[in-house]
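Each chain, written out:
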Amino acid sequence: MCLRHYTLTRPAQLWYRLVGFEVDPFAAWMPQVVLDVALSDLCREAGVQLGSVVRVCDSLEQVPAGERFDLVVGNPPYGRVTLSPPMRRKFRRSLFGHANLYGLFTDLALRFTRPGGVIAYVTPTSFLAGEYFKALRGLLGREAPPASIGFVGKRKGVFADVLQETLLATYRRGGDPGSGTVHFISSGENGSIEVGAAGTFSLPESSDQPWLMPRTEAQGVLLSRVTVDIGSEGLVVRRTDGSLGPVRFPESEAALLASMTPENAHADLLAEPKGREIGPCGQALPG
Ligand SMILES: C[S@@+](CC[C@H](N)C(=O)[O-])C[C@H]1O[C@@H](n2cnc3c(N)ncnc32)[C@H](O)[C@@H]1O
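Residues numbered from 1 in each chain as written. Predicted model: local features only at pLDDT ≥ 70, side-chain atom pairs only at ≥ 80, totals over all residues.

We now examine the overall build of the protein chain. Secondary structure summary: the protein chain contains 10 helices and 15 strands in total. Every one of the 287 residues in the protein chain was classed for burial, and the buried ones make up 28%. Contacts in the protein chain between residues far apart in sequence, at least 24 positions, make up 63% of those at least 6 positions apart. (Helix = DSSP H or I, 4+ residues; strand = E, 2+ residues; numbered from the N terminus. Buried ≥ 20, exposed ≤ 12 C-beta atoms within 10 Å, placed from the backbone. Contact = placed C-beta atoms within 7 Å.)

See the structure below:
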């Protein structure tokens, strides 16, 4: 049910239906002011004052109290971090080796999202295939598979001072791991945002494996013909229609596949289909 309905019928509920966490007092003040302005008409109509919605706190120390949220939105910090033993225990389900702040915040979002609810996060792309994120991928695949991934096309110009490759992902708790969509997001003329469809993806059978998805329209067309997983034996290619027999695999498409994973991720495995034909179980046939 929408925020307007709750605000008008039960105004006191506004404060626990809308909550923000931010560790920096100034950064917490800004969204509070934006909310004051955005909700001023609604609050006037309901005869209430908004009060403080954004808590100044360390998000990673928060635990959900009572009901969880329909929507968790975040643009978390990123970078490697050394965790205290209690924090490492708290997040061990999503950790594999080094901890990265944005991975911890993604795990945190899951804890605050109700079944059927949505997480919308802006993060670096490295979790799609990086080894240190395999436990996080496994967790997301089991509990909240991605519904859509939007690659932020230009590293410069979208976020000030950010050179890291980023994406905007939505995850649905209890969603279908077999039906995600991919988009490209870029900045257009006069500060506008352009969004282009790139195709669909499904998670690998074992969701802790790298998530392969189209990075260009041509890759989207290719992936509508075959599904590609990285298994313990290497690249596994299957026909999308389930039919058996070798998948014909032109050299040009091998190059497309090779560019489908994020930088430096399993490039060695992806270079394998040089034999031009891939058997039904993924072994490269002699060229
Ligand atoms: C990438 S910025 C996003 C800022 C703003 N939320 C936005 O979307 O434009 C990350 C924010 O996370 C905050 N932050 C970093 N560590 C935090 C923590 N442990 N708990 C809460 N906020 C944190 C930083 O102060 C910073 O404002």
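All right, on to the pairing of strand β7 (residues 146–152) then. Burial analysis of β7 places 5 of its 7 residues in the buried class, which makes it a mostly covered element. Taken together, the 5 bridges between β7 and strand β8 (residues 166–172) define a ladder with antiparallel strand orientation. Bridging from a neighbouring strand, G150 pairs with L168 of β8. Here 5 bridges tie β7 to strand β9 (residues 180–187), and the two strands are oriented parallel to one another. (Pairing = 2+ DSSP bridges.)

Time to look at the site of the ligand. Residues in close proximity to the ligand include F21, E22, V23, D24, A27, D58, S59, L60, N75, P76 and P77, which together make up its full environment. Per-domain counts for the shell around the ligand show at least three residues from each of domain 1 (1–57) and domain 2 (59–211). (Near = placed C-beta within 6 Å. Domains from an automatic or database assignment.)

The biggest cluster of nonpolar side chains holds 36 residues, and the ones touching the most others in it are A109, I149, W211 and M213. With 7 residues, the single largest contributor to this core is helix α6 (residues 101–112). Beyond its immediate stretch of four places on either side in the chain, W211 contacts L128, A129, R137, L203 and P204. (Core = buried A, V, L, I, M, F, W, Y, C linked by C-beta atoms within 7 Å.)

Attention shifts here to the environment of A99. Following the sequence through the fold, A99 ends up in strand β5 (residues 99–100). Residue class for A99 comes out buried when judged on the 21 C-beta atoms lying within 10 Å of it. Each C-alpha atom of the pair A99 and R80 lies 5.7 Å from the other, and the pair is 19 residues apart in sequence. Discounting chain neighbours no more than four positions away, the residues touching A99 are R80, V81, L83, F91 and L104.

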